[in-house]
Amino acid sequence: VQFDSHHPTAVKSGVIQSLVQRAITVCNSAELKEAELQRIKQELTTNEYPKKFIEKAISKQMKKCNALVKAGIDITERNQEQPINAAIPYIDGISQEVRRIARTVNIRCCFYTPNKLRPIYCAKNKLPADTITNTVYSLECDTCNAEYIGQTKRAISARLKKHKDAIRLGKIEKSAVAEHVHQQHIPHDINWKSMKMIDTAKKTAKRRLREAFHVERRKPSMNRDKGMERSKVWNVIL
């Protein structure tokens with residue numbers, strides 16, 4: 001991992017500590033351990049890691065190992081309660097807070113990058129937005145600029161047709177969009193061209209959760225409720 005790469009600082013420090021831990025457990029003499037530590041420093045310097053950063057991470061790991069040795073714990077066979085692993089997308093400033101909270105309940109968060117190069121260089125032609133399935137989408141009212149956020153497993157075009165049918169037939173119980181149009185002093189017009197796909201998820205639970213996140217963040221006035229119930233911890237993070 002290059003030091004200037006888009007990774008959390010903790011990940012870069014963890015790379016160094018893992019290398020130091022391996023050197024301590026694998027090398028069977030003080031001379032070999034010192035030689036390995038020097039090689040680690042050289043490789044890290046080549047990858048543009050600052051000297052102070054390297055020394056701090058090495059010192060931190062050495063202190064951990066020395067403390068375990070003094071306590072009579074074999075550092076090569078540590079028996080600890082294994083934490084639950086969870087993979088979350090890396091969003092600077094948010095993911096670190098999620099990980100901090102998760103540590104208190106013995107959950108270890110691993111970060112991944114949701115945006116990869118593959119979609120950029122994909123040779124396939126893009127599908128029209130209204131034919132894409134498993135989406136979270138938004139609509140706007142052309143009369144008052146009110147917003148609606150919804151989710152659907154089907155193609156967006158099929159879901160929009162349901163909204164249009166509910167408006168045409170006056171079935172406000174079938175659609176919050178229809179309710180907005182008909183329960184005004186003057187009937188409002190929905191700007192169907194304003195439709196935007198704001199998120200995707202194949203699994204229904206994940207899609208509903210993402211819908212709830214966007215509703216909490218954007219507070220669309222056409223929505224009847226806040227969507228899927230979730231822990232209040234997520235509201236603080238949002």
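Residues numbered from 1 in each chain as written. Predicted model: local features only at pLDDT ≥ 70, side-chain atom pairs only at ≥ 80, totals over all residues. Heavy atoms only, no water.

S.K.: Would you mind showing me how to read the packing of aromatic side chains here?
M.R.: The relation between two aromatic rings is expressed through the spacing of the ring centres and the mutual angle of the planes. The final tally for this structure, using the stated rule, is 5 aromatic pairs. Ring centres of Tyr-90 and Phe-111 lie 5.4 Å apart, and the angle between their planes is 40 degrees; on these two criteria the pair is classed as tilted. In this pair, Tyr-90 sits in the loop between strand E1 (84–89) and helix H4 (95–103) while Phe-111 sits in strand E2 (residues 107–112), placing the two residues 21 residues apart along the sequence. Site record: aromatic cluster; members linked through ring pairs are Phe-3, Tyr-49 and Phe-53. The aromatic ring of Phe-3 is capped on one face by Lys-12, whose charged end is 4.9 Å from the ring centroid. Geometry around Trp-192 places Lys-164 over its ring, the cationic atom sitting 5.1 Å from the centre. (Phe/Tyr/Trp six-rings, centres within 6.5 Å; stacked < 30°, edge-to-face > 60°. Helix = DSSP H or I, 4+ residues; strand = E, 2+ residues; numbered from the N terminus. Lys NZ or Arg CZ within 6 Å of the ring centre and 35° of its normal.)

S.K.: Any chance you could explain the nonpolar core here in plain terms?
M.R.: One broad trend across soluble globular proteins is that nonpolar side chains are buried collectively. In terms of nonpolar packing, the biggest core is built from 16 residues, with Tyr-137, Leu-139, Tyr-148, Val-177, Ile-190 and Met-222 touching the most fellow members. Contributing elements (two or more residues each) for this core: strand E3 (135–141), helix H6 (156–169), helix H7 (176–182) and strand E5 (190–200). Here Tyr-148 is in contact with Tyr-137, Ser-138, Leu-139, His-163, Ala-176, Val-177, Pro-220, Met-222 and Asn-223, once residues within four sequence places are set aside. Core analysis: the second largest hydrophobic core is formed by 13 residues, Val-20, Ala-23, Ile-40 and Tyr-49 among them. (Core = buried A, V, L, I, M, F, W, Y, C linked by side-chain atoms within 4.5 Å. Buried < 20%, exposed > 50% of the residue type's maximum accessible area, 1.4 Å probe, protein only. Contact = heavy atoms within 4.5 Å.)

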